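Secondary and tertiary structure notes
One-letter residues, chain by chain:
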Amino acid sequence: MGKASRKKRERLARRTPPAAAAHGTGRGDPRAVGEQALERLLRSNKPGKLSLAGAYAFGYAGLGFAQQEGTDPDWWQETDPLDVLFLGTAWPRNFRDEFEFANARDAWLRLLRGTVHGKGILRFVREAVSASEELGIPVDDGELLLALVGRLEAAGLDERRLPRRLLPDAALQGCRAVFGPSPELRFPEPPKDAKKRVRRFWKAMEEDVWPDGTPQGILCDGLRRFHEAGLPVQEESGALLPALYAALMAKPGEPLEDMGEHASMWALSLDEASPLVPVLDVLLVAPGLEMSVSETLGCLFAMPAFTEPIPSEALLWTSSPGLALPRLAFELGISKVSMQGTVVTPDLLDWAGMHTRMRLNAARLSAADLDEPDDIDDTDSSQDEPDERWTERREAVRDAVLHKLRKKSREATGPQHHAERAGERIWNADGSSVIRMSPKLQNDLERQLEFFREKFGREPGPGDPVFFDPDADEPTRLTREHFDNKLLEMAGRAAEIGIDPAFLHAWREVGYVVTEENRSLFTMAEVLAFSRAVTRHQQAGA
């Protein structure tokens, strides 16, 4: 049996469908209660006349049947309860891939906002997270998916039917997220000085400076990268959108051949009300109209959004399953969501989206050769302890970072010439990563190792953390809570140590700190997210 087949069977075992479930024995057994509720909901609901609880039951049953038959696509293994609900509302519709599914899901959820059914979605999210916490089971685990059926029925989410106009089949007709820009899309007339602006744009591409956070600056940086890779960026308008995506969102390990599809799905994922959408629609449509690069740029310069800061909602990848429920949970004030292999917190949403995207890419590559030899390393990096990933995400020696903040805090968020790189993060196909360190960063790490030797009187072992609790008697990994408390403590005496407290509050909020020296370790989206968090905290403290 090949590696991909083994992994699929393992996932199937974790997500036992109803037909293969062993019946519970007690009335209070969540599994038995879920099975009984599933039978009732499947009898009392039918396609086109579904409650939220009924739709979830249909989605769960459809998922289980497909798993039994072996017809489920790999991306179904990444679904959470909200995804299962959406599958049920859209049943028996099939989606081309996980990107179309996720964009359709998010567009449908946006349509429900402000309606009584939107309130039902929020109740659904609360019930899913509460069940996960009470049972101690990840929110996307098969046991939880079944137990949730009974919770939804008991919460009254079977009392109101969704009108047909709000079911995906009708509600998403002509929807941009699913079908692309309107066929009636009209391009603006280029400004009178368009040719001059385009010449300045190409001239700016030759300068190695950090983008200014506008679509124009980020696109310029992306085209510079593509040009350095030998791509004909001035000849093909089809390179423009992937270049914007590559400079803003893409991880270093993301295959170039996937950039076009990922860029299109990211562009279509945004709410149609976003000011960035007209810019993205021009980039989506121009290649099909065989517009030249200069003509396309001329149209873009007629749009104010092209030269204004890129909206914050565009900085997050959402076009994958398993991402909508955590986002809504955080909007409700829920601080964390337990998922298989990790605990997602607000600052890890970007990581979660990246990891899912890369993992599904890896699954597609594995599926191309189901008879892969068994001697290949079968380690699944998605099962690492959450604190290990969290620590890896914050690769820095605290004292060294604080020194940089004292010196560069006012400069770190503005446009800068590229500094000597502290290191480079290399992403693997499965979403794991390693740091290729510069000599300076290696020296910082060696000082931390020396601190370990002085503290504990021995060399660090394979299981010892490099960054440890300095107050503990034994090597103890720094927890999220410990680190957050330290940042709050330092923020309280920021004036004493010469640091803008907004930097420390922003660090705590987004989960990382960006300086001029380390910013090459982050995507532009991450840099902008940190910079804007700093600005918010500066304004709040003013």
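Predicted, not measured: the structure shown is a model, and the values here were computed from it. Residue positions are counted from 1 within each chain, in the order its sequence is given. A pLDDT threshold of at least 70 governs which residues receive local features in this predicted model, and a stricter bar of 80 or more applies before side-chain atom pairs are shown or counted, although totals over entire chains, interfaces and linings include all residues. Water and hydrogen atoms play no part in the side-chain values, which are based on all heavy atoms of the structure.

Here we come to the overall build of the protein. Secondary structure follows DSSP: runs of H or I at least 4 residues long count as helices, runs of E at least 2 residues long count as strands, and numbering of each begins at the N terminus. The helix and strand tally for the protein stands at 24 helices and four strands. Only protein chains enter the accessibility calculation, which uses a 1.4 Å probe. A residue is then buried if its area is under 20% of the maximum for its type, exposed if over 50%, and partly exposed in between. When each of the 542 residues of the protein is scored for burial, the buried share is 53%. Here, residues are in contact when the closest pair of their heavy atoms is within 4.5 Å. Of the contacts formed within the protein by residues at least 6 apart in sequence, a portion of 69% connects residues at least 24 apart. All accessible areas in this document rest on Shrake-Rupley with a 1.4 Å probe, and a residue is counted as covered only by the protein chains that are shown. Entry remark: accessible area of the protein is about 25,400 Å², with carbon and sulfur atoms responsible for 50%.

Of all the eight residues making up helix α15 (residues 293-300), six are buried; the element is thus mostly covered by neighbouring parts of the structure. Among all positions of α15, only Val293, Thr296, Leu297, Gly298, Cys299 and Leu300 are buried. Buried residues along α15 sit against α10 (194-205), α11 (215-228), α12 (240-248) and α14 (277-285).

As a note on interpretation, predicted positions should not be read in detail where pLDDT is low. Values of pLDDT, ranging from 0 to 100, describe the predictor's confidence in every residue of the model. Scored by pLDDT, the protein comes out at a mean of 80, with 77% of its residues at no less than 70. Note on residues 12-26: pLDDT is under 50 here. Beyond four places in sequence and across chains, it has 38 contacts. The low-confidence segment residues 370-424 (pLDDT under 50) makes 135 contacts with residues lying over four places distant or belonging to another chain.

Right, let's get into the packing of aromatic side chains. Centre distance within 6.5 Å is the pairing criterion for rings of Phe, Tyr and Trp, where only the six-membered ring of Trp is used; planes under 30 degrees apart are then read as stacked, over 60 as edge-to-face, and the remainder as tilted. On inspection of all chains with the given rule, the structure shows 16 aromatic pairs. Seen in terms of ring centroids, Trp75 and Trp76 are 6.1 Å apart; in terms of plane orientation they differ by 80°. Their pairing is edge-to-face. Of the two residues examined, Trp75 and Trp76, each falls in the buried class. Each residue in the set Trp75, Trp76, Phe86, Phe95, Phe101 and Trp108 is aromatic and connected to the rest through ring pairs, giving one cluster. The criterion for a charge sitting over a ring is simple: Lys NZ or Arg CZ within 6 Å of the ring centre, and within 35 degrees of the ring normal. The aromatic ring of Trp317 is capped on one face by Arg357, whose charged end is 4.6 Å from the ring centroid.

For side chains bearing opposite charge, pairing can occur when the charged atoms are close. The term salt bridge refers to a side-chain nitrogen of Lys or Arg lying within 4 Å of a carboxyl oxygen of Asp or Glu. For the structure shown, the criterion picks out 20 salt bridges. Close ionic contact of Glu127 with Arg123 constitutes a salt bridge, the shortest N to O distance being 3.1 Å. Taken as a pair, Glu127 and Arg123 lie in helix α6 (residues 116-135) at a separation of four residues, close to a single helical turn. Given the relative accessible area of 12%, Glu127 is considered buried. On the basis of relative accessible area, Arg123 is assigned to the partly exposed category, the value being 36%. The salt bridge partner of Arg225 is Asp221, with a shortest N-O separation of 3.1 Å.

Now for unusual backbone geometry. The omega angle of the peptide bond from Trp91 to Pro92 is 10°, so this bond is cis rather than trans. Its place among the elements puts Pro92 in the loop between α4 (81-90) and α5 (98-112). Even without being glycine, Glu290 reaches a positive phi, approximately 55°. Take Glu290: it is sitting in the loop between α14 and α15. For Glu290, a relative accessible area of 72% translates into the label exposed.

The subject of this paragraph is the packing of α5 against helix α13 (residues 259-269). Between N-to-C directions, angles cover 0 to 180 degrees, with each direction set by a line fitted to C-alpha atoms, over the stretch in contact for helices. The N-to-C vectors of α5 and α13 enclose an angle of 10°; their axes lie 10 Å apart at closest approach. If you check the angle between α5 and α13, you find them roughly parallel. Taking contact as the criterion, the partners of Phe99, Glu100, Asn103 and Arg110 in α5 are, on α13, Glu261, His262, Met265, Leu268 and Ser269. As a working rule, the residues Ala, Val, Leu, Ile, Met, Phe, Trp, Tyr, Cys and Pro are called nonpolar, Asp, Glu, Lys and Arg charged, and the rest polar, with Gly in that last group. Classifying every residue of the contact of α5 with α13 gives three nonpolar, three polar and three charged. Angle categories: roughly parallel below 35 degrees, roughly antiparallel above 145, roughly perpendicular from 65 to 115, and oblique for all the rest.

On the surface, a cluster of positive charge is made up of Lys195, Lys196, Arg199 and Arg200. Tracing the sequence through the fold places Arg200 in helix α10. Patch definition: residues with relative accessible area over 30% and no salt bridge; like charges joined within 9 Å; nonpolar side chains (Val, Leu, Ile, Met, Phe, Trp, Tyr) joined within 5 Å. A positive count includes Lys and Arg, and a negative count includes Asp and Glu. His and the chain ends are not counted in either. The location of each charge is read from NZ of Lys, CZ of Arg, CG of Asp or CD of Glu.

Burial in α14 covers these residues: Val277, Val279, Leu280, Asp281, Val282 and Leu283. The inward-facing, buried residues of α14 contact α9 (176-179), α12, α13 and α15.

What follows deals with the nonpolar core. We define a nonpolar core as any set of buried Ala, Val, Leu, Ile, Met, Phe, Trp, Tyr and Cys residues linked to one another through side-chain atoms lying within 4.5 Å. Of all hydrophobic cores here, the largest spans 141 residues; its most connected members are Leu82, Leu219, Leu248 and Trp266. Discounting chain neighbours no more than four positions away, the residues touching Leu82 are Leu109, Ile121, Phe124, Val125, Ala324, Leu325 and Leu328.

A few words on the side chain of Ser51. Take Ser51: it is sitting in the loop between α2 (30-44) and α3 (52-69). According to the relative accessible area criterion, Ser51 is buried, its value standing at 0%.

A few words on the packing of α12 against α14. Direction vectors running N to C along α12 and α14 enclose 130°, while the axes themselves pass 8 Å from each other. With respect to their mutual orientation, α12 and α14 come out oblique. On α14, the residues touching Leu240, Leu241 and Leu244 of α12 are Leu280, Leu283 and Leu284. Each residue belonging to the contact of α12 with α14 can be placed in one class, and the counts come to six nonpolar, no polar and no charged.

What follows is about the environment of Leu528. Locating Leu528 in the fold gives a position in helix α24 (residues 524-541). Residues in contact with Leu528, not counting those within four places in the same chain, are Gly213, Ile218, Leu248, Ile310 and Leu315.

By the secondary structure assignment, Ala177 is in helix α9. Residue class for Ala177 comes out buried when judged on its relative accessible area of 4%. Taking C-alpha positions, Ala177 is 9.6 Å from Trp108, a pair spaced 69 residues apart along the chain. With residues up to four places along the chain from it excluded, the contact list for Ala177 reads Asn103, Ala107, Arg110 and Leu268.

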